[in-house]
Amino acid sequence: MQKQRRKFLGFLAGWIAGALQGCNFIEEKELIAGQLANLAFEKYWLREFNGKRIIIFYNQGEPYTLSLVCTHKKCTVRYRASEGQFICPCHKGRYDIHGNVLSGKPPKPLAKYKTIIRPPYVVVLNQIINEQ
Ligand code: FES
């Protein structure tokens, strides 16, 4: 009887954890985005972190990560590599490659995530490091 109860409680705990994760109630603390050597070669990566789209760049030996969520009305901005700019499809807001507002309605820069190198990986932490 006690064995069945333990088994049931284990099942229930697993089910609840899975349900919470599926609903994005549990946020990941970090994302291992990939190997640094590949980022240097590929220029940028698009990833998803805690249900949000992000972009990771490599600049002068340092990786950095920006949210792709527009700070105006939360549309997903698109990166135009040829211009080195982000353009929001909703109201045409523009950001530079570092996420600073160039023009349009966005009231503040794109959120920037703390990004570290944990050899050989680039790791994005769930920590916004610019003013939001
Ligand atoms: S939602 Fe991006 S400019 Fe309005």
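Residues numbered from 1 in each chain as written. Predicted model: local features only at pLDDT ≥ 70, side-chain atom pairs only at ≥ 80, totals over all residues. Heavy atoms only, no water.

**Brief notes about the overall build of the chain**
Secondary structure assignment for the chain yields 2 helices and 10 strands. Sequence-ordered secondary structure for the chain, helices as α and strands as β, is α-β-α-β-β-β-β-β-β-β-β-β. Of all 132 residues assigned to the chain, the portion counted as buried reaches 31%. Pairs at least 24 apart in sequence give 37% of the contacts found in the chain among residues at least 6 apart. Summing over all exposed atoms, the chain offers an accessible surface of approximately 8,700 Å²; the carbon and sulfur share of this is 53%. (Helix = DSSP H or I, 4+ residues; strand = E, 2+ residues; numbered from the N terminus. Buried < 20%, exposed > 50% of the residue type's maximum accessible area, 1.4 Å probe, protein only. Contact = heavy atoms within 4.5 Å. Areas by Shrake-Rupley, 256 points an atom, 1.4 Å probe, with all protein chains shown as cover.)

**A few points about unusual backbone geometry**
A cis amide bond links proline 119 with the next residue in sequence, proline 120, at an omega value of 0°. Inspection of the secondary structure assignment puts proline 120 in the loop between β9 (112-118) and β10 (121-128). A positive phi angle is found at lysine 92, which is not glycine, with a value near 65°. In this structure, lysine 92 sits in the loop between β6 (85-87) and β7 (94-96).

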